[in-house]
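Listed below are the residues making up each chain.
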Amino acid sequence: MTSVETVTATENHDAPLYNHPDRNLALELVRATEAAAIRASPFVGRGDKNGADGAAVDAMRKFLSTVKFAGTVVIGEGEKDQAPMLYNGEQVGTGDGPAYDIAVDPIDGTSLAASGRRNAISMIAAADRGSMLDASQVFYMQKIVAGPEARGHLDLAAPIADNIHALASALGKPVDEIQVGVLDRPRHETLIEEIRAAGAATRLLLDGDVAGGIQAASFDGALDLCVGVGGSPEGVATACAIRALGGFMQARLAPSGDDERRRGEAAGLRFGYVYDATELVTSENTVFVATGVTDGNLVSGVRRRGRGIRTESIVLRSQSGTVRRVVADHVASKWL
């Protein structure tokens, strides 16, 4: 069973680290997401999503360059010619230490941050080198995510009503208490109707289904189930978190046309096939970290408190089966 810790910290970059390599990495990566969230925070609510994203990218890239590991960005924000975004194939870290695939999103929910809405986060997922599915040729995938109780009961290929009733039975709760997260998109109109017709309630996500998936897989999350079509990069990042949480996840690629399908097939991707979390990320050694940019159900956003800045982050490690919530106070002058 996953254990939960709350850690309150005062920022001290000279503090000694533990000796376990992936624990060291988790502590360093959360500092990178903290930096990205803090740098993006002045842009919150100002309608400039490119400005917010650019500030977060710059901060994350600079901090990652100091981390002692050999990281390869498997899931970034596009190709090299789209810099300054962290691009697919970019090498990050000092080049020393353990080799990892990483998935990055300096702000998952740029529109949310720009409009001052809830649930924008900065996130990084990491797993042993060569273990993340490179789904970059196909932008969307269909997903279903829930907690560990769902194993053996849910099937992405089954009707949503059947899955809702099966999950309610597995959880031992009435169907009308089941909360289902779905991205609020026109493509999900029929899905939303079917969820409600089955007797469950929907929680419509404006953006960012990574946080929705984590909530569905967490024992104290606000959701019981997260379903629908969302980004493939976000799906692989979510799988890192699900492996750490011991949750349930299935996904199926959803190409937007024949050209995308052909590119995916050339890259070795399988269509019409239901991937589970262990196929999206084959390593048993995964790390997922996220820091709140704006307040949300998963983590609180960046807050300026007098001469300081407070961040809240979540750190998930599959090796230890832990969920750590890190509340850190930073000296504001270092970020001016």
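Rules behind the numbers
- Residues numbered from 1 in each chain as written.
- Predicted model: local features only at pLDDT ≥ 70, side-chain atom pairs only at ≥ 80, totals over all residues.
- Heavy atoms only, no water.
- UniProt positions renumbered as here; feature names shortened; annotations may be inferred.
- Pairing = 2+ DSSP bridges.
- Helix = DSSP H or I, 4+ residues; strand = E, 2+ residues; numbered from the N terminus.
- Contact = heavy atoms within 4.5 Å.
- Axes fitted to C-alpha atoms, helices over the stretch in contact; angles between N-to-C directions.

- The protein chain goes by Fructose-1,6-bisphosphatase in an unreviewed UniProt entry, where it is assigned to Microbacterium esteraromaticum.
- In its Sequence similarities (unreviewed entry) section, the UniProt record describing the protein chain reads: "Belongs to the FBPase class 2 family."
- Under the heading Pathway (unreviewed entry), UniProt records this for the protein chain: "Carbohydrate biosynthesis; gluconeogenesis."

Some points on the sheet that holds strand E7 (residues 179–183)
Item 1. Across the sheet, which stays open at both edges, the 6 strands sit in the order E8-E7-E9-E6-E10-E11 with mixed pairing between neighbours. With one partner strand each, in any of the chains shown, strand E8 (201–205) and strand E11 (275–276) form the two edges of the open sheet.
Item 2. Here E7 runs beside E8; their pairing, made up of 5 bridges, is parallel. Paired with valine 180 across the bridge in E8 is threonine 202.
Item 3. Packed on one face of the sheet, helix H4 (residues 160–171) meets strand E6 (140–146), E7 and strand E9 (225–231) and runs near 140 degrees to E9.
Item 4. Strands E7, E8 and E9 of the sheet are contacted by helix H5 (residues 189–197), whose axis makes an angle of about 150 degrees with E8.

As for the UniProt feature "binding site: Mn(2+) 2" (unreviewed entry) in the protein chain
Item 1. Mapped onto this structure's residue numbering, the UniProt feature "binding site: Mn(2+) 2" (unreviewed entry) falls at Asp105, Asp108 and Glu234. A maximum C-alpha distance of 8.7 Å among these annotated residues, which run over 130 residues, shows that they cluster at one spot.
Item 2. In this fold, aspartate 105 is placed in strand E4 (residues 99–108).
Item 3. Once residues lying within four places of it in the same chain are set aside, the contact partners of aspartate 105 are Glu77, Ile121, Ser122, Met123 and Glu234.

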